[in-house]
Amino acid sequence: MNGLKPIDHSEMVVSQITLILLNTLAFLFDLPWLAGLIAAVMLIGAIVGFPGFGFVYRLLLKPLGWVKPHVAPDNAEPHRFAQGLGGTFVLAGALALWAGLASLGWGLVWMVSALAALNAFGGFCVGCFVYYWLARWKVPGFTKHPPAGVFPGMRPVERSKK
Amino acid sequence: MTPELSERLAWTVLIVATGALGYLLFNRFLLRRAEDKVFRLAAYRTGLPAIVYFTTPTCVPCKTTQRPILEQLQAAYGQWLQVIEIDASAHPDLAHEWGVMTVPTTFVLDAQGRPRYINQGVVSAAKLLQQLELEDYSI
């Protein structure tokens, strides 16, 4: 099955929405340190292999039954790559803010929020799309291919058990 | 509220509104794209409003929430409404053609078969009735 694993996409969606809310708060109240903290959580999550703010889902929303699991077979690696990429951009944004480049800094933060919104609400993961293209070009370290019948980067729907 | 916070709030509203507008335009594009697909659905009968419901066997919110809502609507408005259920995992070609990105997804069609609304995720009975323009008909 191309090494696909069952992945709970609800956890990723909650993580992305949390990221958008925190980025918005950081911008509203002019808190570059919060952008730095968001970047750290995203990058640590990418290294460890969990959605950065997935704990909001695992510890709160799922036990309360407010968000139901949405498990579909998918590759974990493109999502980790996408999160790492997003975390790097937010980190670059935070560094730009500390360097006094407000427009560039907040522009990068908002760009990551926009891409997270596209993933959460539109089901398209731009970072995963980049990963799959790098795999197509046989770049070392990028070995996974999209699930059969799924456009690279699109969220797969659950497959029926046959 | 300080002027700086007001300015940031205005920017936030502008950016979020732009995103929401983009989302609405994208949904409109999906509806336009679905227009010529309706009459290729074998189960579709002309002259009745319809809900085209994309689901999968393993979708939990479909089973626990969306299907009961649709069954309730069908029981109450059966003669004025048709519900066409499509298993997106068994018919990935149809899911792709209709631009389905998640399940449940419901398309609301008017009596002429024009796709009028798309709902990505679970949608309430009240909203579906409003979209079908059936809220004035008592159950």
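Draft legend 1. Seen up close, the state of the cysteines. Residue and element names in this part refer to chain A. Counted by the stated rule, this structure contains 1 disulfide over all chains. The side chain of C125 participates in a disulfide bridge whose partner is C128; the two sulfur atoms lie 2.2 Å from each other. With the S-S bond torsion at 75 degrees, the cross-link from C125 to C128 turns out right-handed. Here C125 falls in the buried class, since its relative accessible area comes to 3%.

Draft legend 2. Local environment of the packing of aromatic side chains. Using the criterion set out here, one finds 16 aromatic pairs over all chains in the structure. Taken together, a centroid distance of 4.9 Å and an interplanar angle of 75 degrees make the contact between W98 of chain B and F107 of chain B edge-to-face. Judged by its relative accessible area of 0%, F107 of chain B falls in the buried class. Here the guanidinium or amino end of R136 of chain A rests over the ring plane of W133 of chain A, the centre of that ring lying 4.6 Å away.

Draft legend 3. Spotlight on the nonpolar core. Counting 38 residues, the largest nonpolar core has I51, V52, F54, L73, W98, F107 and L128 of chain B as its most contacted members. Among the elements that take part in this core, helix α2 (residues 60-77) of chain B stands out by supplying 6 residues, more than any other. Aside from chain neighbours lying at most four places away, what touches W98 of chain B is L30, R33, A34, K37, V38, L41, V52, F54 and F107 of chain B. Counting residues in hydrophobic clusters, the runner-up holds 18 residues, among them M42, V90, A94 and L97 of chain A.

Draft legend 4. Focus on the pattern of salt bridges. The tally for this structure, following the rule as stated, stands at 8 salt bridges over all chains. The residue R8 of chain B makes a salt bridge to D30 of chain A at a minimum N-O spacing of 3.3 Å. Taken together, the residues R8 of chain B in helix α1 (residues 3-34) and D30 of chain A in the loop between α1 (9-28) and α2 (32-48) connect one chain to another. We classify R8 of chain B as buried; its relative accessible area is 12%.

Draft legend 5. Local environment of the side chain of T24 of chain A. Positionally, T24 of chain A belongs in helix α1. Not counting residues within four places of it along the chain, the set of residues in contact with T24 of chain A comprises W110 of chain A together with T12 of chain B.

Draft legend 6. Representation of the pairing of strand β2 (residues 82-87) of chain B. Residues and elements named next belong to chain B. Two elements, strand β1 (residues 50-55) and β2, share 6 bridges in a ladder whose sense is parallel. Each bridged residue has a counterpart across the sheet, and for I51 the counterpart in β2 is V83. For the segment spanning β1, α2 and β2, crossover handedness is right-handed.

Draft legend 7. Molecular detail of the interface of chain B and chain A. With 23 residues of chain B at the contact, the number on the chain A side is 19 residues. For the pair chain B and chain A, the summed buried surface comes to about 1,800 Å²; carbon and sulfur atoms form 65% of the total. Counting the surface chain B buries against chain A, the share from its top three residues, R8, T58 and M101 of chain B, is 32%. Counting every contact that joins chain B to chain A gives 1 salt bridge. Here chain B is connected to chain A by 2 residue pairs in polar contact (both at pLDDT 80 or more). For the side of chain B that touches chain A, the secondary structure elements donating two or more residues are α1 and α2 of chain B. Broken down by element, the residue count for the side of chain B that touches chain A peaks at 8 residues, all from α1 of chain B. Residues belonging to the side of chain B that touches chain A are distributed by class as follows: 13 nonpolar, 7 polar and 3 charged.

Draft legend 8. The sheet that holds strand β4 (residues 115-120) of chain B, seen in detail. Residue and element names in this part refer to chain B. Ordered in space as β2-β1-β3-β4, the 4 strands form an open sheet in which the pairing is mixed. Bordering the open sheet on either side are β2 and β4, each of which pairs with just one other strand. Ignoring strand direction, the axes of neighbouring strands in this sheet form an average angle of 15 degrees.

Draft legend 9. Main features of the side chain of T12 of chain B. Along the chain, T12 of chain B turns up in helix α1. A polar contact of 2.8 Å, which involves the side chain of T12 of chain B, links it to the backbone oxygen of R8 of chain B. Setting aside residues up to four positions removed in sequence, T12 of chain B forms contacts with T24, F27, L28 and W110 of chain A.

Criteria and thresholds
- Residues numbered from 1 in each chain as written.
- Chains lettered and ligands numbered in written order.
- Predicted model: local features only at pLDDT ≥ 70, side-chain atom pairs only at ≥ 80, totals over all residues.
- Heavy atoms only, no water.
- Disulfide = S-S within 2.5 Å.
- Buried < 20%, exposed > 50% of the residue type's maximum accessible area, 1.4 Å probe, protein only.
- Phe/Tyr/Trp six-rings, centres within 6.5 Å; stacked < 30°, edge-to-face > 60°.
- Lys NZ or Arg CZ within 6 Å of the ring centre and 35° of its normal.
- Core = buried A, V, L, I, M, F, W, Y, C linked by side-chain atoms within 4.5 Å.
- Helix = DSSP H or I, 4+ residues; strand = E, 2+ residues; numbered from the N terminus.
- Contact = heavy atoms within 4.5 Å.
- Salt bridge = Lys/Arg side-chain N within 4 Å of Asp/Glu carboxyl O.
- Pairing = 2+ DSSP bridges.
- Right-handed = clockwise from strand over helix to strand, strands pointing away.
- Buried area = accessible area lost by both parts, 1.4 Å probe.
- Polar contact = N/O pair within 3.5 Å; in protein donor to acceptor, adjacent residues only side chain to side chain.
- Nonpolar A, V, L, I, M, F, W, Y, C, P; charged D, E, K, R; others polar.
- Axes fitted to C-alpha atoms, helices over the stretch in contact; angles between N-to-C directions.

Everything listed here is a matter of geometry and, on its own, says nothing about what the molecule does.
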